[in-house]
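Now for the letters of each chain:
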Amino acid sequence: MEYLCFNPLYSHARAMSHQILLLLAVLTLSLAASQHRDQVSCKMVDKEVLCQGLSLLQVPSGLPRDIEALNLSGNQLRSILASPLGFYTAIRHLDLSTNEISFLQPGVFQALPHLEHINLAHNRLAVGTALSTGGLGPLPHVLSLDLSGNSLYSGLVERLLGEAPALRSLSLAENSLTRLARHTFGGTPALERLDLHSNVLMDIEDGAFDALPRLAHLNLSRNSLTCISDFSLQQLRVLDLSCNSIEAFQTAPEPRAEYQLTWLDLRENKLLHFPDLAALPRLTFLNVSNNLIRLPAGPPPGGEGLHAPSEGWSALPLLNPSRNASAHPLSQLLNLDLSYNEIELIPQGFLEHLTSLRFLNLSRNCLRAFEAQRAGSLPCLVLLDVSHNALEMLELGARALGSLRTLLLQDNALRDLPPYTFAGLVSLQRLNLQGNRVSPCGGPGEPGPPGCVAFSGISSLRILNLVDNEMEMLRAGAFLHTPLTELDLSANPGLDVAIGALAGLEASLEVLALQGNGLAVLQVDLPCFSCLKRLNLAENRLSRLPAWTQAVSLEVLDLRNNSFSLLPGSAMGGLETSLRRLYLQGNPLSCCGNGWLASQLHQGRVDVDATQDLICRFGSQEEVSLSHVRPEDCEKGGLKTVNLIIILTFTLVAAILLTTLATCCCVRRQKFNQQFKA
């Protein structure tokens, strides 16, 4: 007979083993579930994984090992460890921007041999231990690196960057850098693009960019630089110095090689004079707007001060007689922006050699005169903006500005111009004269008032703005042989539009504005304008429109703030197929008799602006919303009117009968009295 002995230690061990197995199973399931969640929450397109904005606290570990791009931006990552990131050895693009990263495990990026692009923008690299642990470490194959928005300050960048021999693009924008030292970029010799905008840079040490022979794009905008002297980066093609406090820009006196700079932005600085750019023959874009620039009237007498910067004359490469005239500095310039300065005049010859210029902006200065009279002057200019000055004189030669398409002259003081000021601009398509005192002449051969300007016979002109010119009369034939597509004559109170004033535009005009002119009668046969699509007649005193009996092209009709009470179907029927938007606010509309308008509202074929606010009247009764009017309301109103007429008629007939009866009674009484006396 066998005896079974009970061993409590053995039983406890077996129970423990079961618990451990159960715990391992739970952990395995949890890990699998976690990996599954990572895979489910992140989106995968080809070999790119998108995990942005998922509130992740760590790098997901359950992703495919062969992914090439991983986007973890907009999460809550605080540290980047080699595990699990090192598992994804095929990664080329890594986006870690907009997190809270303050710790980078040493060598974390070296475990990714194919890594080419790193985005660490908008993290906390400067406040954690990322810099004390060797920074980013060597980055032998990385091509682009974004460290913007990390509160980095001078001295920390060198420790963070390390060696990056293949790096081509580096962004240090939106940090707290105050100074660039000679050795700042010593580990990035292949750098081509460097973005340093929105720091507080006040000093750039000599030779700070000497280690960057391939640097082509440099952005130093929105810093605190006050002067650029001895500029010697011959390899640069694009330089942005906008939004600093720069008072002077000077190139090195004896450059080692020809400058390659083509794009220079100096807007929003404190330049007092036009910068000396004679050493930049390849420049095609120059923006010096929003400065304090004044151009000199002429060279100092005797020439003693030719090189005195205070005169500002030597800074003009096109005017300085001490320079070789055959070189023609800025002859390749395409775009020149001089707006928002203090320029009172354009020196003679300043624009003469800008033979390639296509865009010239002189707006918002203090100019009183502008002239371009020489034949062939500015032959490639396409857009000229001289708006918002104090121009009183404008002289344009017959064979100047041969390519000009857009001329902006709004908000000046132009008046009494030569009659054919614009006739010689053979390519002109758009002309803005708003806010001047220009008066159009009549048709060809018609006598006009002194100082009027001819707008007829300009075959290239398509868009003309004559808003707010205090025009009193628009004469017949004013635009003959000028195929305008857009014409704005608004804000000329009291304007008298003569019959035939718009003759010749019937087949071309698409947009016509006559807003705010106080017109009581419209002497324009609008149905004849077959191409008209937008018509603005707002803020006048009109009560009637010409009848559109045939289909036209009109899509938008603005009748706000006039005196319209009815829009009869007999006048508006031709608009039903084309009209899409109708503005009617501010008119004394009648609630009844507007059957065409009610039909458009109910059928929804025309979008009547602010339908809920349109007000109409039932006779002399109080105003009601047009959208609340029902057909039976008008029928009741009609019955009331009929009843009123009947009552008035009955009262009138009764009054006549009573009067006649009273007269007869008086006559008979008189006869009776006479007989009684006899």
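Per an unreviewed UniProt entry, the chain is named Transforming growth factor beta activator LRRC32, and its organism is Equus caballus. Entered under Sequence similarities (unreviewed entry) in the UniProt record, the comment concerning the chain runs "Belongs to the LRRC32/LRRC33 family."

J.: How would you summarise the overall build of the chain if you had to cite specific residues and measurements?
T.: Of the regular secondary structure elements, the chain holds 6 helices and 37 strands. Looking at the chain as a whole, 42% of its 678 residues qualify as buried. If you sum the accessible surface of the chain, you get close to 34,200 Å²; carbon and sulfur atoms cover 54% of it.

J.: Tell me about the confidence of the model for the chain, and name the residues and values.
T.: On average, residues of the chain score 86 in pLDDT, and 84% of them are at 70 or above. Predicted confidence for residues 1–13 stays below pLDDT 50, and this span has 1 contact to residues more than four positions away or in other chains. Considering only residues more than four positions removed or in separate chains, one finds that residues 303–311, a stretch of pLDDT under 50, has 16 contacts.

J.: Residues and numbers for the environment of Pro165, please.
T.: With respect to the helices and strands, Pro165 occurs in the loop between α3 (156–161) and β9 (169–171). For Pro165, a relative accessible area of 45% puts it in the partly exposed group. The spatial distance from the C-alpha of Pro165 to the C-alpha of His141 is 7.6 Å, given a sequence separation of 24 residues. Discounting residues that sit within four places of it in the chain, Pro165 has contacts with Leu139, Pro140, Gly187, Pro189 and Ala190.

J.: How would you sum up the pattern of salt bridges? Please name residues and give values.
T.: Tallied over the full model, the rule gives 13 salt bridges. The partner of Asp203 in a salt bridge is Arg179, with the nearest N and O atoms 3.1 Å apart. Taken together, the residues Asp203 in strand β12 (residues 203–204) and Arg179 in strand β10 (residues 179–180) connect sequence positions 24 residues apart. A residue is classified by how much of its surface remains accessible, and Asp203, at 35% relative accessible area, is partly exposed. Given the relative accessible area of 38%, Arg179 is considered partly exposed. Linking Glu258 and Arg282 is a salt bridge whose minimum nitrogen-to-oxygen distance equals 3.1 Å. Highlighted residues: Glu258 in the loop between β16 (248–251) and β17 (263–265) and Arg282 in the loop between β17 and β18 (285–287), separated in sequence by 24 residues. Using a relative accessible area of 34% as the deciding quantity, one classes Arg282 as partly exposed. Bridged by salt links that share partners, the residues Arg179, Asp203 and Glu205 form one connected network.

J.: Lay out the pairing of strand β23 (residues 393–396) with the relevant residues and their values.
T.: Residues Leu394 and Leu396 point to one face of β23 and are all buried, whereas Met393 and Glu395, pointing to the other face, are not buried. Sheet topology note: the strand β21 (residues 369–372)/β23 ladder contains 4 bridges and is parallel. Following the sheet pairing, Ala372 is matched in β23 by Leu396.

J.: Please provide a residue-by-residue account of the sheet that holds strand β36 (residues 615–617), values included.
T.: Overall, mixed pairing links the 3 strands, which are arranged β34-β36-β37 in an open sheet. Sheet topology places β34 (589–590) and β37 (623–625) at the edges, where each strand pairs with a single neighbour. With 2 bridges joining them, β34 and β36 adopt parallel strand pairing. Residue pairing for β36: Ser590 is matched across the bridge by Arg617.

J.: Lay out unusual backbone geometry in plain terms, naming residues and giving numbers.
T.: Along the chain, Ser83 connects to Pro84 via a cis peptide bond; the corresponding omega equals 15 degrees. Note that Pro84 resides in helix α2 (residues 82–85). For Asp230, which is not glycine, the phi torsion reads 55 degrees and is therefore positive. As for its position among the elements, Asp230 is in strand β14 (residues 227–231). A relative accessible area of 47% places Asp230 in the partly exposed class.

J.: Summarise the state of the cysteines; cite the residues concerned and give the values.
T.: Note on terminology: disulfide describes a covalent bond linking the sulfur atoms of two cysteines. A full pass over the atoms with the stated rule returns 3 disulfides. Disulfide partner of Cys42: Cys51, at an S-S distance of 2.1 Å. As the torsion about the S-S bond is roughly 120 degrees, the Cys42-Cys51 disulfide counts as right-handed. Take Cys42 and Cys51: they sit in the same class, and that class is buried. Disulfide partner of Cys441: Cys452, at an S-S distance of 1.9 Å. A torsion of 95 degrees about the S-S bond marks the disulfide between Cys441 and Cys452 as right-handed.

So, how was this worked out
Residues numbered from 1 in each chain as written. Predicted model: local features only at pLDDT ≥ 70, side-chain atom pairs only at ≥ 80, totals over all residues. Heavy atoms only, no water. UniProt positions renumbered as here; feature names shortened; annotations may be inferred. Helix = DSSP H or I, 4+ residues; strand = E, 2+ residues; numbered from the N terminus. Buried < 20%, exposed > 50% of the residue type's maximum accessible area, 1.4 Å probe, protein only. Areas by Shrake-Rupley, 256 points an atom, 1.4 Å probe, with all protein chains shown as cover. pLDDT = per-residue confidence, 0-100. Contact = heavy atoms within 4.5 Å. Salt bridge = Lys/Arg side-chain N within 4 Å of Asp/Glu carboxyl O. Pairing = 2+ DSSP bridges. Disulfide = S-S within 2.5 Å.

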